[in-house]
Structures are given as structure tokens and as C-alpha cells.
Amino acid sequence: MAGSRGAGSSKVHGRTLVLFFAAGVTALGVWGFDSLTGFETQPFWDKLYATLQLFVLESGSLDVILGGQNPPTVPWQLQLARFLAPTVTVFTAVAAVSALALIFREQMSRMRVRWFVRDHVIICGLGRCGSRLARAFRARGDQVVVIEADELSPSVGESREAGAIVLTGNGTDRSLLRRCRLQKARCLIAVCGDDGVNAEVTLVAHELSGASRRQPLACYAQVVDVHLRDMLREFAITSPNASSFRLDAFDAAERGAPLILAAFPPMGEQGDT
């Protein structure tokens, strides 16, 4: 989940940078209006109001502000603010449109999962192993739903191009797993790059799978630690839901994606489907 923290941190830093930049432009504009001949005697709030109008291109015509009289010279502070303020506005608008596009795409993905997906594969994590599995399952015709915490990961776009549905979030989120229709899934694969997270994903999936499934949920978890791997396997065997939940904890370095695919044949090759 380090990628999630990194992406979230970069977003916060980006917003903070924009806020500081906007504050700097505002201060520059107020300073410029304070130095503007014919406007320097105006109250501070008028200067602030005129500065804020720079962000929507309403104070570009100084003769309007000065009652039809052009100033002999425009202070460099104001001249600079007049060009920088619209830049902040454009950048903010582009960011807002991008955010709305992401929200719309996320909602459409969730609708697709809710109404059109069943007998599918759920993959938690789009690292090297997860992205390879997503493309491989899609290449042979399986429906794939991916949960990835880092919406900026290059693998997100690649998986979508391959036909997978990608939802942004944490694979340990119970509500998100329900929205992925875990009850209707054939297989869940946890390859988040962290043993603890992968183990938690399998435990949450075990809790949600229940005993009402027609077929057992095949669950694969990438776990490097040998002791944790053995504990998960023992838990899967001795749990009350053992008949509806099959768990295989593996080390990708030992088995890798091809062996997972071989152990989990396509729908058309399963005799019970």
C-alpha cells in the first residue's frame, strides 16, 4: 500500500502548491493595486476585490477600474499578477474537469460490475504480478475486476485497455469487495505487494463469502513469509467455511502468474460450469 500513500501525498502536495501560488498571486495583485496611480487611496478590501477579479479576467481593463482613465504606468507587480492569475484559474479548471472525469468513470465501472459481471476474477493490486494476471485473464475471455489503490499507476490504463474493470480503493475494504460482487466471483487474487495486506484481504473475503455459495471461492494470496503462509493455509482448512472457500497462499518468486493461470482454468474448461 506504499503506492497509495505516495499517490495521496503527491495530491496533497499539489493542492498545497496551487494554494500557495494563488496566495502569492493575490498578494502580488494587492501590492500592485496599492502602487497603482489613481487607485492607491482606495480601501484595502477594494484592492483585494479587484485582485480577485484578476482570476476571472475581470480586472484586465484598468481604465474601467480607474473610471475611464488609463494610468501612466502599470506597476510591475500588477502587470505580473494580471498574467499569473488566469494561469491559476486555467490549471484549477483543468484539474476539476479531470477529477469529474475520474468520478464519472468510477461510477460507470461500478454500474458495469453491478449489472453485468458474474463468475469473474477479482484482482487486488496492480503491481507486476497483478497487471500481468489481469491481462492474461482478459486475453482468454474472463471477466476481470481490479481493485487498485493508486489511480495514477500506469497499470490502471493498461488494464482498462485490456478490458478489465478497475475500481480505485483498498482491497481490505468490505464495502468495496461487496460492490465487486464477491459473492458472484469465481476467484479472488491478492497481490498488493504487502504480506499483511494480502492476508487481510483473504480474511475479509473469507468473512464475506459465507456458506451460501454454489461453488467455493478460489482465493490466492501472495505471501512471502513462510510462517504466515502456513498459518493462512491452516486457517483455510480448519475454518467453518472451508467448503465454500479455498485458499492458496503462494510466493510469486516460486510460482508466478503462469502457474496461477494453470491452476485456475478458463470457464470453458471447467466441467462444473
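Residues numbered from 1 in each chain as written. Predicted model: local features only at pLDDT ≥ 70, side-chain atom pairs only at ≥ 80, totals over all residues. Heavy atoms only, no water.

**Considering the packing of aromatic side chains**
The geometry of an aromatic ring pair is captured by the separation of the ring centres together with the interplanar angle, meaning the angle of the planes.
And then number 1: A complete count under the given rule lists two aromatic pairs for this structure.
And then number 2: Here Trp-31 and Trp-76 contribute two aromatic rings whose centre-to-centre distance is 5.5 Å and whose plane-to-plane angle is 75 degrees, an arrangement assigned as edge-to-face. In this pair, Trp-31 sits in helix α1 (residues 2–34) while Trp-76 sits in helix α4 (residues 76–116), placing the two residues 45 residues apart along the sequence.
And then number 3: Residue classification places Trp-31 among the partly exposed residues on the basis of a relative accessible area of 45%.
And then number 4: Accessibility expressed as a relative area gives 53% for Trp-76, which makes it exposed.
And then number 5: Pairing Phe-44 with Trp-45 gives two aromatic rings, centres 5.2 Å apart and planes at 70 degrees, and the pair type is edge-to-face.
And then number 6: In this structure Phe-44 comes out as partly exposed when scored by relative accessible area, which is 45%. (Phe/Tyr/Trp six-rings, centres within 6.5 Å; stacked < 30°, edge-to-face > 60°. Helix = DSSP H or I, 4+ residues; strand = E, 2+ residues; numbered from the N terminus. Buried < 20%, exposed > 50% of the residue type's maximum accessible area, 1.4 Å probe, protein only.)

**Considering the confidence of the model for the chain**
And then number 1: For the chain, per-residue confidence averages 79 on the pLDDT scale, and 75% of positions sit at 70 or higher.
And then number 2: The element-level mean pLDDT for the chain is lowest in helix α10 (residues 256–263), coming to 57, with strand β1 (residues 121–124) highest at 95. (pLDDT = per-residue confidence, 0-100.)

**Overview of unusual backbone geometry**
And then number 1: Despite not being glycine, Asp-119 has its phi angle at roughly 50 degrees, a positive value.
And then number 2: With a relative accessible area of 29%, Asp-119 lands in the partly exposed category.
And then number 3: We note that Arg-181 has phi near 60 degrees; this positive angle belongs to a residue other than glycine.
And then number 4: Along the chain, Arg-181 turns up in the loop between α7 (174–179) and β4 (187–190).

**Observations concerning the nonpolar core**
And then number 1: Among the nonpolar cores identified, the biggest contains 31 residues, and Ile-122, Val-145, Ile-147, Leu-182, Leu-188 and Leu-247 are the most heavily contacted of them.
And then number 2: Ranked by residue count, the leading element in this core is helix α8 (residues 195–209), at six residues.
And then number 3: The contacts of Val-145, once residues within four sequence positions are left out, are Val-113, Val-117, His-120, Val-121, Ile-122, Ile-123, Ile-165, Leu-167 and Cys-180. (Core = buried A, V, L, I, M, F, W, Y, C linked by side-chain atoms within 4.5 Å. Contact = heavy atoms within 4.5 Å.)

**A few points about the environment of Arg-179**
And then number 1: Inspection of the secondary structure assignment puts Arg-179 in helix α7.
And then number 2: Residue classification places Arg-179 among the partly exposed residues on the basis of a relative accessible area of 34%.
And then number 3: Remark: the alpha-carbon pair of Arg-179 and Val-113, spanning 66 residues in sequence, is separated by 7.4 Å.

**Concerning the packing of α8 against helix α9 (residues 226–238)**
And then number 1: Axis separation between α8 and α9 bottoms out at 11 Å; the angle between their running directions is 5 degrees. Judged by the angle between their axes, α8 and α9 are roughly parallel. Each of Asp-195, Ala-199, Thr-202, Leu-203 and His-206 in α8 lies in contact with α9, whose residues at this interface are Leu-228, Leu-232 and Phe-235.
And then number 2: Here the contact of α8 with α9 is composed, by residue class, of five nonpolar, two polar and one charged. (Axes fitted to C-alpha atoms, helices over the stretch in contact; angles between N-to-C directions. Parallel < 35°, antiparallel > 145°, perpendicular 65-115°, else oblique. Nonpolar A, V, L, I, M, F, W, Y, C, P; charged D, E, K, R; others polar.)

**Remarks on the sheet that holds β1**
And then number 1: Read from one edge to the other, the open sheet built from six strands follows the order β3-β2-β1-β4-β5-β6, with strand pairing classed as parallel. The two strands at the open ends of the sheet, each matched to only one other strand, are β3 (165–168) and β6 (245–250). On average, adjacent strands in this sheet sit at an angle of 15 degrees to one another, irrespective of strand direction.
And then number 2: The pairing of β1 with strand β2 (residues 144–148) spans four bridges and is parallel. Each bridged residue has a counterpart across the sheet, and for Val-121 the counterpart in β2 is Val-144.
And then number 3: Running over the sheet, helix α5 (residues 128–139) touches β1, β2, β4 and β5 (217–222) and is turned about 165 degrees from β1. (Pairing = 2+ DSSP bridges.)

**Thoughts on helix α6 (residues 154–161)**
One turn of an α-helix holds 3.6 residues; hence residues three or four places apart share an orientation.
And then number 1: Looking at α6, one finds that the buried residues are Ser-155, Val-156 and Ser-159. The buried residues of α6 occupy an angular sector of 110 degrees when projected down its axis, which confines them to one face. Opposite the buried face of α6, by more than 90 degrees, sit the exposed residues Pro-154 and Glu-161.
And then number 2: The inward-facing, buried residues of α6 abut α5, β2 and β3.
And then number 3: Of the residues flanking the end of α6, it is Gly-163, one or two places downstream, whose phi is positive at about 105 degrees. (Arc of directions from axis to C-beta.)

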